[in-house]
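Fold and contact review
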Amino acid sequence: MQTFKKKERITEKKIILELFEKGNEFYVSPIRALWLVYPSAKPFTLKILIAVSNRNFKKAVERNYIKRLIREAFRKNKQTVYEKMLGKPENIMLALQYTGKIILPYKDMEEKIKVTLQRLLKEYEKTVR
């Protein structure tokens, strides 16, 4: 399950706009998470969008490196979300925006992603009830 395939990414502009307009949000410094429950007839999937600000990181190399760190941390830790959401009829669309001004080391980034995914599950439980 430690893969990150194309079907796990948000690529449709309609969904991206809806996510940013209607999505719920929370903040785990330095990551801002926007999420939205999206009904689906298919089994549960978690779709993700990763964004790094051009304002804070002028060089594309730095932005791509941060995205790579986030993707890797997400890929390794998404299993917890899939285990909790097994059998649910809806999908979760998740946008992760990196708002920090410095590049975190991988271990710190992985901890932040773990906390973000745990918080996502808590927020989802509150919303569904």
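Residues numbered from 1 in each chain as written. Predicted model: local features only at pLDDT ≥ 70, side-chain atom pairs only at ≥ 80, totals over all residues. Heavy atoms only, no water.

**Focus: the nonpolar core**
Our working definition: Here, nonpolar core refers to any group of buried Ala, Val, Leu, Ile, Met, Phe, Trp, Tyr and Cys residues whose side-chain atoms link them within 4.5 Å. Classification of residues uses two cut-offs on accessible area relative to the type maximum, computed with a 1.4 Å probe and protein chains only: under 20% is buried, over 50% is exposed, and between them is partly exposed. Starting at the N terminus, helices and strands are each numbered in turn, a helix being any DSSP run of H or I of at least four residues and a strand any DSSP run of E of at least two. Any pair of residues with heavy atoms lying within 4.5 Å of one another is described as a contacting pair.
Within the largest apolar cluster, 31 residues are counted, with the highest numbers of intra-cluster contacts made by Leu46, Leu94 and Tyr98. If you tally residues by element for this core, the top one is helix α4 (residues 106–128), at six residues. Not counting chain neighbours up to four residues away, the residues in contact with Leu46 comprise Glu8, Phe74, Val81, Tyr82, Ile92, Leu94, Leu117 and Leu120. Core analysis: the next-biggest nonpolar cluster, separate from the first, contains nine residues, Ile10, Ile15, Leu49 and Met93 among them.

**A closer look at the side chain of Glu90**
Let me state the cut-off plainly: For this count, His and the chain ends are skipped, Lys and Arg are scored as positive, and Asp and Glu as negative. Each reported salt bridge corresponds to a side-chain nitrogen of Lys or Arg within 4 Å of a carboxyl oxygen of Asp or Glu. Between N or O atoms, a polar contact is any pair within 3.5 Å; within protein, one atom must be a potential hydrogen donor and the other a potential acceptor, and residues adjacent in sequence are included only when both atoms are from side chains.
Residue position: Glu90 is located in strand β4 (residues 90–98). Buried charge without a salt bridge: Glu90, with Lys88 as the nearest opposite-charge side chain at an N-O distance of 5.9 Å. Within the local environment of Glu90, its side chain forms a polar contact with the side chain of Tyr124, the two groups lying 2.2 Å apart. If near-sequence neighbours (up to four positions away) are discounted, Glu90 is found in contact with Val37, Tyr38, Pro39, Ser40, Phe44 and Tyr124.

**Considerations on α4**
Threshold: To estimate how far a helix should extend, the number of its residues minus one is multiplied by 1.5 Å.
Look at α4: 33 Å from first C-alpha to last across 23 residues, which is about the 33 Å you get at 1.5 Å a residue. Within α4, the full set of buried residues consists of Met109, Glu110, Ile113, Thr116, Leu117, Leu120, Leu121, Glu123 and Tyr124. Where α4 is buried, its residues touch β1 (24–28), β2 (31–39), β3 (46–52), α2 (60–77), α3 (79–85) and β4.

**What about the sheet that holds β3?**
The strands making up a sheet associate through backbone hydrogen bonding, with each pair oriented either parallel or antiparallel. Counted only if it meets this: Note on pairing: DSSP must find at least two bridges between two strands before they are called paired. Between the N-to-C directions of two axes lies an angle of 0 to 180 degrees, each axis being a line fitted to C-alpha atoms and, for a helix, fitted only over the stretch in contact.
Spatially, four strands are ordered β1-β2-β4-β3 in an open sheet, and the strand pairing comes out mixed. Two strands bound the open sheet, and with one partner strand each, they are β1 and β3. Averaged over all pairs of adjacent strands, the angle between their axes in this sheet comes to 20°, without regard to strand direction. Note that β1 and β2 share five bridges and pair antiparallel. Looking across to β2, one finds that Asn24 is bridged to Trp35. In the packing of α2 onto the sheet, contacts are made with β3 and β4, and the angle to β3 comes to roughly 155°.

**Details of the packing of aromatic side chains**
Rules: For Phe, Tyr and Trp, where Trp contributes only its six-membered ring, two rings pair if their centres lie within 6.5 Å, and the inter-plane angle classes them as stacked under 30 degrees, edge-to-face over 60, or tilted in between.
Summed over the entire model, instances satisfying the criterion amount to two aromatic pairs. Ring centres 5.7 Å apart and planes at 80° place the aromatic pair Phe4 and Phe74 in the edge-to-face group. One end of the pair, Phe4, is in the segment before α1 (13–22); the other, Phe74, is in helix α2, and 70 residues separate them in sequence. There is no split in this pair, since Phe4 and Phe74 are both buried. Ring plane angle 45° and centroid distance 6.0 Å describe the contact between Phe57 and Tyr98, whose orientation is recorded as tilted. In this pair, Phe57 is assigned in the loop between β3 and α2 and Tyr98 in strand β4, connecting sequence segments 41 residues apart. Of the two residues examined, Phe57 and Tyr98, each falls in the buried class.

**Things to note about the pattern of salt bridges**
Counted by the stated rule, this structure contains six salt bridges. For Lys78, the salt bridge identified is with Glu8, shortest N-O distance 2.5 Å. One end of the pair, Lys78, is in the loop between α2 and α3; the other, Glu8, is in the segment before α1, and 70 residues separate them in sequence. Measuring nitrogen to oxygen at the nearest pair gives 2.9 Å for the salt bridge that ties Glu25 to Arg32. Residue classification places Glu25 among the partly exposed residues on the basis of a relative accessible area of 48%. Taking the relative accessible area as the measure of exposure, Arg32 reaches 23% and is therefore partly exposed. Through salt bridges with shared partners, one network takes in Arg119, Glu123 and Lys126.

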